[in-house]
Amino acid sequence: MTRDDAPDEDTEALLLAAARRAIAYRRALPAHQRAPASYGDCVAAFDEALPEQGMAAPEVLAALVARAEPGLHASTGPRFFGWVIGNSHPVGVAADWLTAAWGQNTANHVAAPAAAAAETVAARWLLELLRLPAESSVGFVTGATMASFVALAAARGEVLARAGWDVEAQGLFGAPPVRVLIGEEAHASVFSALHYLGFGKASLIRVPADAQGVMQPAAFEERLARDVPKGAPLIVVTQAGHIHSGVTDAHERLVPLARARGGWVHVDGAFGLWARACPTRAHLACGVEGADSWATDGHKWLQTPFDCGYAIVRNAAAHRRAMTIAASYLPPVSEHERDPSHYVPELSRRARGFATWALLRHFGRAGIAAMVERHCAQARLLAGLLAATPGITVLNEVALNQVAVRFGGEADIAAGDTLTRATLAAVQEDGTCFAAGANWRGRWIMRLSVIGASTTDDDIRLSAQAIIQAWRRVASAAEGG
Ligand SMILES: *Cc1c(COP(=O)(O)O)cnc(C)c1O
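Source: prediction; values computed, not measured. (Residues numbered from 1 in each chain as written. Predicted model: local features only at pLDDT ≥ 70, side-chain atom pairs only at ≥ 80, totals over all residues. Heavy atoms only, no water.)

**Let's talk about the overall build of the protein chain**
Step number 1: Secondary structure assignment for the protein chain yields 14 helices and 11 strands.
Step number 2: Computed over the C-alpha atoms, the radius of gyration of the protein chain is 24 Å, within 12% of the 23 Å expected from 2.2 N^0.38 for a compact globule of 481 residues.
Step number 3: Over its C-alpha atoms, taken along the principal directions, the protein chain stretches across nearly 70 × 65 × 45 Å.
Step number 4: Across the protein chain, every contact between residues at least 6 apart in sequence was considered, and the portion connecting residues at least 24 apart equals 72%.
Step number 5: When the accessible surface of the protein chain is summed, it comes to about 21,100 Å², and 57% of that surface belongs to carbon and sulfur atoms.
Step number 6: Taking the average place of the 43 positive charges on the side chains of the protein chain and the average place of its 47 negative ones, the gap between the two points comes to 6 Å. (Helix = DSSP H or I, 4+ residues; strand = E, 2+ residues; numbered from the N terminus. Rg over C-alpha atoms; globule rule 2.2 N^0.38 Å. Contact = heavy atoms within 4.5 Å. Areas by Shrake-Rupley, 256 points an atom, 1.4 Å probe, with all protein chains shown as cover. Lys, Arg positive; Asp, Glu negative; His and termini not counted. Charge placed at Lys NZ, Arg CZ, Asp CG, Glu CD.)

**Some details on the site of the ligand**
Step number 1: In the region of the ligand, 13 residues are neighbours, and Thr 145, Asp 268, Asp 297, His 299 and Lys 300 sit closest.
Step number 2: Contacts to the ligand include Thr 145, whose side-chain N or O atom sits 2.6 Å from an oxygen atom.
Step number 3: Contact distances for the ligand include 2.8 Å between an oxygen atom and a side-chain N or O atom of Lys 300.
Step number 4: Looking at the shell around the ligand, its residues break down into 4 nonpolar, 6 polar and 3 charged. (Near = heavy atom within 4 Å. Polar contact = N/O pair within 3.5 Å; in protein donor to acceptor, adjacent residues only side chain to side chain. Nonpolar A, V, L, I, M, F, W, Y, C, P; charged D, E, K, R; others polar.)

**Comments concerning the sheet that holds strand β2 (residues 179–183)**
Step number 1: Strand order in the open sheet formed by 7 strands is β1-β7-β6-β5-β4-β2-β3, with mixed pairing between adjacent strands. The open sheet has two edge strands, β1 (137–141) and β3 (205–207), and neither has a second partner. Ignoring strand direction, the axes of neighbouring strands in this sheet form an average angle of 20 degrees.
Step number 2: Sheet topology places β1 next to strand β7 (residues 309–313); 5 bridges connect them, and they run antiparallel. When the sheet's bridge partners are listed, Phe 140 is paired in β7 with Tyr 310.
Step number 3: On the sheet, helix α8 (residues 188–196) packs against β2, β3, β4 (234–239) and β5 (264–268) and is oriented at approximately 170 degrees with respect to β2. (Pairing = 2+ DSSP bridges. Axes fitted to C-alpha atoms, helices over the stretch in contact; angles between N-to-C directions.)

**Notes on the pattern of salt bridges**
Step number 1: Summed over the entire model, instances satisfying the criterion amount to 22 salt bridges.
Step number 2: Between Glu 158 and Arg 162 there is a salt bridge, and its shortest N-O distance comes to 3.3 Å. Note that Glu 158 and Arg 162 are positioned in helix α6 (residues 144–162) at a spacing of 4 residues, about one turn of the helix.
Step number 3: Judged by its relative accessible area of 12%, Glu 158 falls in the buried class.
Step number 4: Taking relative accessible area as the criterion, Arg 162 reaches 49% and is therefore assigned partly exposed.
Step number 5: The partner of Arg 226 in a salt bridge is Asp 227, with the nearest N and O atoms 3.0 Å apart.
Step number 6: Given a relative accessible area of 25%, Asp 227 falls into the partly exposed group. (Salt bridge = Lys/Arg side-chain N within 4 Å of Asp/Glu carboxyl O. Buried < 20%, exposed > 50% of the residue type's maximum accessible area, 1.4 Å probe, protein only.)

**Quick look at a negative patch on the surface**
Step number 1: A grouping of Asp 8, Glu 9, Asp 10 and Glu 12 is seen on the molecular surface, where their side chains present a negatively charged patch.
Step number 2: Within the secondary structure, Glu 9 is located in helix α1 (residues 8–27). (Patch = residues over 30% accessible without salt bridge, like charges linked within 9 Å, V, L, I, M, F, W, Y side chains within 5 Å.)

**Regarding the side chain of His 89**
Step number 1: Note that His 89 resides in the loop between α3 (57–68) and α4 (90–102).
Step number 2: Within polar-contact distance, the side chain of His 89 engages the backbone nitrogen of Val 91 at 3.0 Å.
Step number 3: When residues no more than four places from it in sequence are discounted, the contact partners of His 89 are Arg 26, Gln 303, Leu 359, His 362, Phe 363 and Ala 453.

**Here we look at helix α9 (residues 217–227)**
Step number 1: Within the span of α9, buried status applies to Pro 217, Ala 219, Phe 220, Arg 223 and Leu 224. All buried residues of α9 project into a common sector of 160 degrees when viewed along the axis, lining one side. Looking at α9, the residues exposed on the side facing more than 90 degrees away from the buried face are Ala 218, Ala 225 and Arg 226.
Step number 2: On its buried side, α9 packs onto β2, β3, β4 and α10 (251–260). (Arc of directions from axis to C-beta.)

So, in structure tokens, the structure goes:
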């Protein structure tokens, strides 16, 4: 029989063994950036009948490592540019180990005094760092998707309250229609957050974007005048940091237009909001502070382990109205203590404030500014090296950390798609670096996101070289064939 309450020496041996495994993994990160095992391989490795009998803890750990490690991408390493993924920084990992070991249920300050306090202070630091209104409230959620969900729930409640409708009490059926304006190139997760809240995709008023993905202010103004009756409840969704180009909407023009109509402006700034933490890049997300709510991630530019995001709402009362869970056994909303559950959909929850606090404390304002600046410069270096090669085109104006690349020229879109996808496959196969793809405005692209804390300029040069070589192999095979 194995015991759940293992004696102390066993617990110590187990936790130290887990730490040693983790350290060994991180020290000798796989040289090949893409996991050698596919999803199917991994399912086969994990797959067995529900075990009837238990297994001793050290064997469970060894079995887990043996099954999982072949299926791990090197996303914690310096040459992983796929999607938009932070490094799961060691300081965050260490804080997260303690978080799991401490096992605090961070619903409120009574159940988890230290965890609630860490959130209180980390929330204040985040507002200061991102230069957002100090009166805002912050919900620590799983990511930007949930952050948008929370913030838009607050928005829905507030714009309907102003129209005399209490959505928290009366629900959405029979409510005055809420108009939602959103850029046509908003991130997919925001459309999901909206439909969870009853704003179906077909009900949204989509505003055309320009070639970089920026919502066009003139088109926005025109849609507002044409499709939104005066006095109608209004939510405007903007973006700071487009997933392919990194660009931010023109908030200095959009926010006053929305304001003049009594609209609530929500910004999806999953990674782009962090430009504000860097004095030399802050102009890339200027005017954002005039909005009403913001969604951003910890597990991207702040490098926290998964998962971590922040729902930031200027009107804290609206935020609480949308999210509070009230019960006789839970503390009521207080002016003195901040209870995390009043700002998020969950009740029982992980203490995400510890890793956030630890990373903010580790980097400091200067460290974060330097990292953002370095990533932007590295993205530009990477784009420059690629664009200098015949047949490679960088599609975006690289001001932030994203690089969108096409291979094979623009004359024939279908041929360019084929060459781009073949180059992407060749880069993943080579394994020096990792990039992922997407279809952007009708064209396949390679997306490169420079966002890992450990990336050096040499990693960028090495990666550019690997991409260029992959392209040359693909191009010569295409010519030969
Ligand atoms: C990553 C991202 C999201 C979604 O964030 P999650 O943390 O995956 O929920 C939303 N918007 C943008 C612009 C993103 O880059």
